[in-house]
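So the chains spell out like this:
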Amino acid sequence: MESLIGLGYLGLFIISFLAATIIPISPDVVMGALIVLKYDLWTCIIVATIGNFLGGITTYGLGYLGKWEWIEKWFKKSKEDIEKFQHKIKKIAVVAAGFTWLPLIGDLIGLSLGFLRFKPVPVFIMMLIGRFVRFTVVGYFSDIFLVN
């Protein structure tokens, strides 16, 4: 973490990107540390949001590359079962994309949205909004409780 903090905004971008993939890490500590070190709050929010958003797109893309045979083999689910599930969640899929920032489960949501081939533009818009809100809240809480 210290080396990422030492990289400043680049370190925040890197950890934010990686946190949005299947790597279970959190950028909150780096973001909080940079805010304590008097880095610009809004720049931290934007850098973390962009890095995390691009990581989310990567996770969606990995899901998109998935194959039905893998699901059938690893999870013992038929293509028909998956298609039924896809039909059931179709109405909430785009809203669910707004929660891809959640630790662990968010990565699974993003991966699933890609695998099930939900339309990327609405999914990406909701991913971006959710991540921006998250980092705005984290940034302001860091500023309030760690700096002031």
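Above this note sits the structure.
Here we summarise the structure given alongside this text. (Residues numbered from 1 in each chain as written. Predicted model: local features only at pLDDT ≥ 70, side-chain atom pairs only at ≥ 80, totals over all residues. Heavy atoms only, no water.)

Considerations on the overall build of the chain
Using the following cut-off: Starting at the N terminus, helices and strands are each numbered in turn, a helix being any DSSP run of H or I of at least four residues and a strand any DSSP run of E of at least two. Think of it in three bands: with a 1.4 Å probe and only protein chains considered, a residue is buried below 20% of the maximum accessible area for its type, exposed above 50%, and partly exposed in between. Residue contacts are defined here by distance: any two heavy atoms, one from each residue, within 4.5 Å place the two residues in contact. Surface accessibility follows the Shrake-Rupley procedure with a 1.4 Å probe radius. Residue values consider only the protein chains on display as shielding. Neither His nor the chain termini are counted; the positive set is Lys and Arg, and the negative set is Asp and Glu. Positions of charges follow a simple convention, taking NZ of Lys, CZ of Arg, CG of Asp or CD of Glu.
In terms of regular secondary structure, the chain is built from nine helices and zero strands. Put simply, the chain runs from its N terminus to its C terminus through helices and strands in the order α-α-α-α-α-α-α-α-α. Counting only C-alpha atoms, the chain reaches 55 × 30 × 20 Å along its principal axes. Taking all 148 residues of the chain together, 40% fall into the buried category. Long-range contacts, defined here as pairs at least 24 residues apart, represent 76% of the contacts in the chain between residues at least 6 apart. Only carbon and sulfur atoms are counted for the fraction: they give 73% of the accessible area of the chain, which is about 8,700 Å². Charged side chains in the chain number 14 positive and 10 negative. The centres of these two groups are separated by 9 Å.

Brief notes about the packing of aromatic side chains
Our working definition: Note on aromatic pairs: the rings of Phe, Tyr and Trp (six-membered ring only in Trp) are paired at centre separations within 6.5 Å, and the planes decide the class, stacked below 30 degrees, edge-to-face beyond 60, tilted for the rest.
Enumeration over the complete set of coordinates arrives at seven aromatic pairs. Seen from their ring centres, phenylalanine 53 and phenylalanine 124 are 6.4 Å apart, and the 90° between their planes marks the pair as edge-to-face. Residue phenylalanine 53 is located in helix α4 (residues 41-64), and its partner phenylalanine 124 is located in helix α9 (residues 120-147); the two are separated by 71 residues in the primary sequence. Overall, phenylalanine 53 belongs to the buried group, its relative accessible area being 16%.

Focus on the environment of serine 142
Turning to its location among the elements, serine 142 is positioned in helix α9. With a relative accessible area of 8%, serine 142 lands in the buried category. Placed 107 residues apart in sequence, serine 142 and isoleucine 35 show a C-alpha to C-alpha distance of 6.9 Å. Ignoring anything within four residues of it in the chain, the contact list for serine 142 reads Gly32, Ile35 and Val147.

Some thoughts on helix α3 (residues 28-36)
All of the buried residues in α3 are Val30, Met31, Gly32, Ala33, Leu34 and Ile35. If you follow the buried residues of α3, they end up packed against α1 (2-6), α2 (9-19), α4 and α9. Just downstream of α3 lies lysine 38, where phi reads positive at about 75°.

Some words on unusual backbone geometry
Phi at leucine 104 takes a positive value of approximately 60°, unusual for a residue other than glycine. Its place among the elements puts leucine 104 in the loop between α7 (93-97) and α8 (105-115). In this structure, arginine 117 takes a positive phi of about 60° despite not being glycine. Take arginine 117: it is sitting in the loop between α8 and α9.

Structural notes on the environment of arginine 117
Residue classification places arginine 117 among the partly exposed positions, given a relative accessible area of 40%. Note: C-alpha distance between arginine 117 and serine 78 (39 residues apart in sequence) is 17 Å. With residues up to four places along the chain from it excluded, the contact list for arginine 117 reads Tyr60, Gly63, Tyr64 and Gly66.

Remarks on the nonpolar core
Selection criterion: We define the nonpolar core as a collection of buried residues of types Ala, Val, Leu, Ile, Met, Phe, Trp, Tyr and Cys that are connected through side-chain atoms lying within 4.5 Å of one another.
Counting 16 residues, the largest nonpolar core has Leu12, Val30, Met31, Leu34 and Cys44 as the members making the most contacts within it. Breaking this core down by element, the ones donating at least two residues are α1, α2, α3, α4 and α9. Every residue in contact with valine 30, bar those within four places of it in the chain, is listed here: Met1, Leu4, Ile5, Gly11, Leu12 and Ile15. In this structure, Phe53, Tyr60, Ile109 and Val123 belong to the second largest nonpolar core, which totals 15 residues.

Regarding a negative patch on the surface
Quick note on the threshold: Patch definition: residues above 30% relative accessible area lacking any salt bridge, with like charges linked at up to 9 Å and the nonpolar side chains Val, Leu, Ile, Met, Phe, Trp and Tyr linked at up to 5 Å. Should a side-chain nitrogen of Lys or Arg be within 4 Å of a carboxyl oxygen of Asp or Glu, the pair is scored as a salt bridge.
Taken together, the side chains of Glu69, Glu72, Glu80, Asp81 and Glu83 present a region of like negative charge at the surface. Of all elements in the fold, only α5 (68-75) and α6 (79-89) reach the threshold of two or more residues within the negative patch. For the negative patch, the element with the most residues is α6, which contributes three residues. Among the secondary structure elements, aspartate 81 is positioned in helix α6.

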